[in-house]
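Chain by chain, the residues:
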Amino acid sequence: MVNFTILAGGFSTFIATYVFDTDTSSLTLTKQTTTGENPSWIASHPQNSSILYAVNEVSPVGNLQSFIVDAVGGLKLVDTVSTGGSGPTFTNPLSTGEVSAMNFGSASCSLVATLPNDPLHFEKDSPVVDFPVNGGPSNPHMSLEHNGEVFVSDLGADKIWRLVNDGKPGKFRIQGQIHVAPGNGPRHMAIRNGILFTINEKTSTLTAQQIPAAPNGTTFPLLANVSIVPQDAPANASFAGAEILISEASDKFPDPLIYVSNRNLGPEFDPRGDSIAIFEFKNSTLVAGGNSTAASSVRRMHARQWQDGGSLTLKAQVFTGLRQIRSMALGHVADGGDEFLIAGANVDGGVAVFQRINGGRNLTEVARNAEIANRTSFVFV
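Given the structure is predicted, the values throughout are model-derived calculations rather than measurements.

Enquirer: Before we go on, may I ask you to explain the sheet that holds strand 1 (residues 3–10) in this structure?
Expert: Taking strand neighbours across the sheet as the criterion, the four strands line up as 3-2-1-32 in an open arrangement whose pairing is antiparallel. Each edge of the sheet is formed by a strand with only one pairing partner; in this case those strands are strand 3 (26–34) and strand 32 (375–380). The mean angle between the axes of side-by-side strands here comes to 30 degrees, regardless of whether they run parallel or antiparallel. Taken together, the eight bridges between strand 2 (residues 14–21) and strand 3 define a ladder with antiparallel strand orientation. Across the sheet, the residue bridging to Thr 17 is Lys 31, located in strand 3.

And the structure:
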């Protein structure tokens, strides 16, 4: 028997704990730990899964919290600090010891330093980074660390800001930006082998582009730009792209695949629920270990990389029975959890676990729990 403990944040006053039993295909709600208000996004410490961070998505000023996770998925609050802005929607720990908080309701973000050798406690004086939009719209939504920079997708400004440390822990500055086509609304990002993949909320599109060298404001042409809207969507539906995941290569799932969620905002809803679209990125050159190989050799490689050029090909549209789907999470490769993807509804449908099939190119539902709503982010412990 294999059990996976999964934590779920949401718009409530608690973080939920689920246990997914692979033998019985059951998803059991085991705990509801009281937190601050609206712990809408949660993230695990990359080196210590017993440490969890959460934002409190509230106005006029939000908070960032740290917790200890016990052996059965219970939480104990350790520290709370202001994010310096309104409605933080996202948090993620950095390799340098800071923990990010994206102030969606303000034109700013915080990268809060933690105490030396103590990732559970926050410094109280980390300055906010203000985005130079000159009174224009700015809604920073996600941060992503890459090669010594922190990328911030700004849904309102149609930019991806590039931040670097500016002298001491918690102090960052903007050193450049990647421009996004006006009206796209970049929401979430993923990077694989120097290619930036962006899910755009306002146009429900997935784009791929190379990352220019820093520091500058150069923007390369898109390698690919595809719609994530189901072709058979209801005529009066309207959509907003939400989350993007790229799977890690493993023996069972050797090809990295892209999973994106898409929210139907109505007024006409699909009885099948919102969908998860699965894409494969293909390009003219596949390399392993940085060297070109013959096609037959490449097919035998478990770790694959993407190079210049290419296309995004839709492999499946999986209807989830969830309404207002937002975040998703894949389990860990090390314990075989990457066979499963969990997703939740902010409105109806609860939480569902899907098994990856056909090499990850499709999903089939294996468990669901509809006891509580408003689950918007997930962490496999």
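Enquirer: Help me understand the confidence of the model for the chain in this model?
Expert: Reading fine detail from the predicted coordinates is not recommended where pLDDT is low. Summing up the model confidence of the chain, the mean pLDDT is 92 and the portion of residues at 70 or higher is 93%. In the predicted structure, residues 285–307 sits below a pLDDT of 50 and forms 39 contacts with residues beyond four places in sequence or in another chain.

Enquirer: How should the pairing of strand 22 (residues 258–264) be read in this particular structure?
Expert: Walk down a regular strand and you will see the side chains alternate between the two sheet faces. For strand 22, the tally of buried residues reaches seven of seven residues, placing the bulk of the element in the interior. Residue alternation in strand 22 divides its side chains into two sets, Ile 258, Val 260, Asn 262 and Asn 264 and Tyr 259, Ser 261 and Arg 263, and both sets are buried. Here strand 21 (residues 239–246) pairs with strand 22 via six bridges, running antiparallel. The residue bridging Ile 246 from the neighbouring strand is Ile 258, located in strand 22. In the sheet, strand 22 pairs with strand 23 (residues 275–282) via five bridges, with the strands oriented antiparallel. Along strand 23, the bridge assignment pairs Ser 261 with Ile 276.

Enquirer: Please explain the pattern of salt bridges as it appears in this structure.
Expert: In a structure, side chains of opposite charge can pair up when their charged atoms sit close to one another. The final tally for this structure, using the stated rule, is 16 salt bridges. For Lys 252, the salt bridge identified is with Glu 339, shortest N-O distance 3.2 Å. With a gap of 87 residues between them, Lys 252 in the loop between strand 21 and strand 22 and Glu 339 in the loop between strand 28 (323–330) and strand 29 (340–348) connect regions that are remote in the sequence. As a salt-bridge pair, Arg 361 and Asp 255 come within 2.8 Å of each other at their nearest N and O atoms. Linking Arg 361 in the loop between strand 30 (351–357) and strand 31 (362–369) with Asp 255 in the loop between strand 21 and strand 22, this pair joins segments that are 106 residues apart in sequence. Accessibility expressed as a relative area gives 12% for Asp 255, which makes it buried. Three or more residues are tied together by salt bridges with common partners; here these are Asp 255, Glu 280, Lys 282, Lys 315 and Arg 361.

Enquirer: So what exactly am I meant to see when it comes to the sheet that holds strand 23 here?
Expert: Strands pair in a sheet through their backbones, by hydrogen bonds, and they do so in one of two ways: parallel or antiparallel. Ordered by their spatial adjacency, four strands build an open sheet running 21-22-23-27, and the pairing between neighbours is antiparallel. Of all the strands in the sheet, the pair left with one neighbour each is strand 21 and strand 27 (311–319). Pairwise comparison of adjacent strand axes, ignoring direction, gives a mean angle of 25 degrees for this sheet.

Enquirer: Quick question: what am I supposed to make of the side chain of Glu 98 here?
Expert: Counting through the fold element by element, Glu 98 comes out in strand 9 (residues 98–103). Of note is the side chain of Glu 98, whose polar atom sits 2.4 Å from the side chain of Thr 96. Here the side chain of Glu 98 touches Gly 170 through a polar contact of 2.9 Å, landing on its backbone nitrogen. Every residue in contact with Glu 98, bar those within four places of it in the chain, is listed here: Asn 92, Pro 93, Leu 111, Val 112, Ala 113, Asn 165, Pro 169, Gly 170 and Phe 172.

Enquirer: Is there a simple way to explain the nonpolar core in this structure?
Expert: Grouped burial of nonpolar side chains is what soluble globular proteins tend to show. The biggest cluster of nonpolar side chains holds 34 residues, and the ones touching the most others in it are Cys 109, Leu 111, Phe 151, Val 152 and Leu 163. Sequence-distant contacts of Phe 151, that is, excluding residues within four places in its chain, are made with Met 142, Ser 143, Leu 144, His 146, Ile 160, Trp 161, Arg 162, Ile 178, Met 189, Ile 191 and Ile 211. Grouped together as the second largest cluster of nonpolar side chains are 18 residues, Ala 8, Phe 14, Leu 29 and Ala 329 included.

Enquirer: I keep staring at the environment of Gln 47 and nothing clicks. Help me out?
Expert: Within the secondary structure, Gln 47 is located in the loop between strand 4 (42–44) and strand 5 (51–56). Linking Gln 47 and Ser 95, residues 48 residues apart in sequence, is a C-alpha distance of 9.3 Å.

Enquirer: What is the right way to read the environment of Arg 361 from this model?
Expert: Arg 361 gets classed as partly exposed once you look at its relative accessible area, which sits at 22%. Sequence spacing of Arg 361 and Ile 278 is 83 residues, and the spatial spacing of their C-alpha atoms is 6.5 Å. Not counting residues up to four positions away in its chain, the partners in contact with Arg 361 are Asp 255, Leu 257, Ile 278, Glu 280, Lys 315 and Ala 316. Here Asp 255 takes part through its side chain, which lies 2.8 Å from a polar atom of the side chain of Arg 361.

Cut-offs applied
- Residues numbered from 1 in each chain as written.
- Predicted model: local features only at pLDDT ≥ 70, side-chain atom pairs only at ≥ 80, totals over all residues.
- Heavy atoms only, no water.
- Pairing = 2+ DSSP bridges.
- Helix = DSSP H or I, 4+ residues; strand = E, 2+ residues; numbered from the N terminus.
- Axes fitted to C-alpha atoms, helices over the stretch in contact; angles between N-to-C directions.
- pLDDT = per-residue confidence, 0-100.
- Contact = heavy atoms within 4.5 Å.
- Buried < 20%, exposed > 50% of the residue type's maximum accessible area, 1.4 Å probe, protein only.
- Salt bridge = Lys/Arg side-chain N within 4 Å of Asp/Glu carboxyl O.
- Polar contact = N/O pair within 3.5 Å; in protein donor to acceptor, adjacent residues only side chain to side chain.
- Core = buried A, V, L, I, M, F, W, Y, C linked by side-chain atoms within 4.5 Å.

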